[in-house]
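Topology and contacts: notes
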Amino acid sequence: MKRILVTGGCGFIGSNFIRLQLSEYPEIEVTNLDKLTYAGNLENLKDFESHSGYQFVKGDITDPEVVNSLLDSVDFDAVINFAAESHVDRSILDSGPFIQTNIVGTQVLLDAARKHEVNRYVQVSTDEVYGSLGPEGLFTEQTPIAPNSPYSASKAAADLLVRSYVNTFGFPAIITRCSNNYGPYQFPEKLIPLFISNAQEGKSLPIYGEGTNVRDWIHVMDHCRGIDAALRKGEPGQVYNFGGHAEMQNIEITKLLLKLLDKPESLIEYVTDRPGHDLRYAIDCSKAESELGWKVETDFQAGLKETIDWYLENPEWVNRIRTGKYREYYEQQYGTRLKS
Ligand SMILES: Cc1cn([C@H]2C[C@H](O)[C@@H](COP(=O)(O)OP(=O)(O)O[C@H]3O[C@H](C)C(=O)[C@H](O)[C@H]3O)O2)c(=O)[nH]c1=O
């Protein structure tokens, strides 16, 4: 595994994955193809800009010319597809970009990778494709796909395309599905960084509905190590689930964040629920544990504390986002929901 193409490497999970590759594998050459949408940020990899094993290419995975000319110019051993529109709330406001990037982009990448006989393709997916659980049970790799949001439907469609290329063409693809990530460089529209930033600014923390929805939190580096294990040790055609073994209700994690930040619970504001809000995600990762030798390494409380510290130590990174175009989105998303 010498030359790899990472798409969407300027986003949260992709940039952490590139960081892991360049730190762990001295011989690796990573090309990062990223369109630099609102969530793609060159600053996320600033410390690797001049690394001899790193190359950045600005481009869109939905453009066959861009993708094919890149694959013509470099003989990649693997393609790892992180490029995606990922925020459920945005997909409810406008599903168009989700269909384009997540589905059409995956099709373009699959066709180009197949044409260039790339030996390994990893589709980075999500446990949201399985839909919603009740209070009991876990998603396994056998759980039928039943997405509920435009975002998860677009990811499920992409997974099905990947599956079809495996079955139809014998294409050597692997799918990974992970639970909710947290950690440094996460765009502050997602629950944890949004609530840290709002609390720091003395703004309300908008909890959807009653706050009883459950998510399973995994540190982004544990997820990235999982993708790395799937890339190097996984069997083509297989799906691998990853999760953090850290299930929490939204209200519980919010109170924990406020406690760690030493901020009052009076900042919590219950707001209109997300339409079609999935109740609970919880995932069985025993296949990844037994077949890939992967396991969660980050203790949740320690990881959360370290994540809070990262946001507090990087106010410029946060402020550049929060004072930019993001303000329009925040107003659109929360303007009528929030009292304050
Ligand atoms: C932004 C926000 C969220 N929430 C609730 C909604 C969810 O129950 C939970 C987490 O929401 P968030 O939008 O951070 O993440 P999910 O909707 O669970 O989806 C995330 O995890 C999966 C695996 C992916 O695949 C998605 O790409 C990723 O965005 O907090 C609130 O109550 N208030 C808020 O302001």
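Residues numbered from 1 in each chain as written. Predicted model: local features only at pLDDT ≥ 70, side-chain atom pairs only at ≥ 80, totals over all residues.

Digging into the overall build of the protein chain
Condition: Numbering of helices and strands runs from the N terminus, with a helix taken as a DSSP run of H or I at least four residues long and a strand as a DSSP run of E at least two residues long. With C-alpha atoms as the basis for the radius of gyration, the globule rule is written as 2.2 Å multiplied by the number of residues raised to the power 0.38.
Counting secondary structure elements, the protein chain contains 12 helices and 12 strands. A compact globule built from 340 residues should have a C-alpha radius of gyration of about 20 Å, and the protein chain, at 19 Å, falls within 12% of that. For the protein chain, the spread of C-alpha atoms along the principal axes amounts to about 55 × 45 × 35 Å.

Comments concerning the nonpolar core
What counts is decided by this rule: Any set of buried Ala, Val, Leu, Ile, Met, Phe, Trp, Tyr and Cys residues joined through C-beta atoms within 7 Å is what this text calls a nonpolar core. In this scheme the burial state of a residue depends on its C-beta neighbours within 10 Å: 20 or more other such atoms mean buried, 12 or fewer mean exposed, and anything in between means partly exposed; the C-beta positions come from the backbone. A pair of residues counts as a contact when their C-beta atoms, built from backbone coordinates, are separated by no more than 7 Å.
Among the nonpolar cores identified, the biggest contains 77 residues, and Ala78, Val79, Ile80 and Val122 are the most heavily contacted of them. Residues contacting Ile80, with those up to four places away along its chain left out, are Ile4, Val6, Val122, Val124, Ile227 and Leu231.

Let's talk about helix 7 (residues 220–233)
In plain terms, the rule: In this scheme, a helix's expected span is set at 1.5 Å multiplied by one less than its residue total.
Helix length check: helix 7 (14 residues) gives 20 Å between terminal C-alpha atoms against 20 Å at 1.5 Å per residue, within 8%. Counting buried positions along helix 7 yields 10 of 14 residues, so the element is predominantly enclosed. Those residues of helix 7 not exposed but buried are Val220, Asp222, His223, Cys224, Arg225, Gly226, Ile227, Asp228, Ala230 and Leu231.

Quick word on the site of the ligand
Applied cut-off: We call a residue near a molecule or strand if the C-beta atom, set from the backbone, is within 6 Å of it. Gly counts as polar in this scheme, as do all residues outside two lists: the nonpolar Ala, Val, Leu, Ile, Met, Phe, Trp, Tyr, Cys and Pro, and the charged Asp, Glu, Lys and Arg.
Residues in close proximity to the ligand total 18 residues, the closest being Ser86, Thr126, Lys190, Leu191 and Tyr208. Taken together, the elements giving at least two residues each to the shell around the ligand come down to helix 6 (191–200) and strand 8 (205–208). Grouping the constituent residues of the shell around the ligand by class yields six nonpolar, seven polar and five charged.

Things to note about the confidence of the model for the protein chain
Using the following cut-off: Confidence scores here are pLDDT values: one per residue, from the predictor, ranging 0 to 100.
Considering every residue of the protein chain, the mean pLDDT works out to 97; 100% of them sit at 70 or more. Two numbers describe this predicted complex: its pTM, 0.98, and its ipTM, 0.99.

What about the packing of helix 1 (residues 12–24) against helix 7?
Note the following rule: Only C-alpha atoms enter the line fits that serve as axes; for helices the fit covers just the stretch in contact. Angles between N-to-C directions range over 0 to 180 degrees. By the definition adopted for this analysis, an angle is roughly parallel if under 35 degrees, roughly antiparallel if over 145, roughly perpendicular if from 65 to 115, and oblique otherwise. What makes a crossing left-handed is the near helix being turned counterclockwise from the far one by less than a right angle; a clockwise turn instead makes it right-handed.
Packing of helix 1 against helix 7 brings their axes to within 9 Å, and their N-to-C directions diverge by 65 degrees. By the angle between their axes, helix 1 is roughly perpendicular relative to helix 7. The hand of the helix 1/helix 7 crossing is right-handed. Mapping the contact onto sequence places Phe12, Ile13, Asn16, Phe17 and Leu20 in helix 1 and Val220, Met221, His223, Cys224, Arg225, Ile227 and Asp228 in helix 7. Its residues placed into classes, the contact of helix 1 with helix 7 shows eight nonpolar, two polar and two charged.

Describing the environment of Gly202
Note that Gly202 resides in the loop between helix 6 and strand 8. For Gly202, a count of 10 C-beta atoms within 10 Å corresponds to the exposed category. With 14 residues separating them in the primary sequence, Gly202 and Asp216 have C-alpha atoms 27 Å apart.

So, the pairing of strand 1 (residues 3–7)
Note the following rule: Two strands form a pair only when DSSP identifies at least two bridges running between them. Crossovers are described as right-handed under a simple rule: with the strands pointing away from the observer, the path leading from the first strand over the helix to the second runs clockwise.
Counting buried positions along strand 1 yields four of five residues, so the element is predominantly enclosed. Where strand 1 meets strand 2 (residues 29–34), five bridges bridge the pair, whose relative direction is parallel. Bridging from a neighbouring strand, Ile4 pairs with Val30 of strand 2. In terms of handedness, the path from strand 1 via helix 1 over to strand 2 forms a crossover that is right-handed. The pairing of strand 1 with strand 4 (residues 78–81) spans four bridges and is parallel. Within the sheet, the bridge partner assigned to Val6 lies in strand 4 and is Ile80.

Focus: the UniProt feature "domain: NAD(P)-binding" (unreviewed entry) in the protein chain
To keep it simple, the criterion reads: UniProt positions are given in the numbering used here, feature names are shortened, and annotations may be inferred rather than shown by experiment.
UniProt tags residues 5–307 as "domain: NAD(P)-binding" (unreviewed entry). In residues 5–307, helix accounts for 40% and strand for 18%; the two terminal C-alpha atoms are 28 Å from one another.

Describing the sheet that holds strand 4
Think of a sheet as strands paired side by side through backbone hydrogen bonds, with each pair either parallel or antiparallel. Ordered in space as 3-2-1-4-5-6-10, the seven strands form an open sheet in which the pairing is parallel. The open sheet has two free edges, formed respectively by strand 3 (54–58) and strand 10 (239–242), since each of these has just one partner strand. Sheet twist, expressed as the average angle between the axes of neighbouring strands with direction ignored, equals 20 degrees. Bridge analysis of strand 6 (residues 173–178) against strand 10 gives four bridges, and the strand direction is parallel. Its bridge partner being in strand 10, Thr176 is matched across the sheet by Tyr240. Running over the sheet, helix 4 (residues 96–115) touches strand 1, strand 4 and strand 5 (120–126) and is turned about 175 degrees from strand 4. Across the sheet, helix 7 touches strand 4, strand 5, strand 6 and strand 10, and the angle it forms with strand 6 is around 160 degrees.

Concerning unusual backbone geometry
Phi is positive for Leu36, which is not a glycine, with a value near 60 degrees. Inspection of the secondary structure puts Leu36 in the loop between strand 2 and strand 3. Judged by C-beta crowding, with 14 C-beta atoms within 10 Å, Leu36 ranks as partly exposed. Even without being a glycine, Glu117 presents a positive backbone phi close to 50 degrees. Looking at the element boundaries, Glu117 is found in the loop between helix 4 and strand 5. When the 10 C-beta atoms within 10 Å are taken as the criterion, Glu117 is described as exposed.

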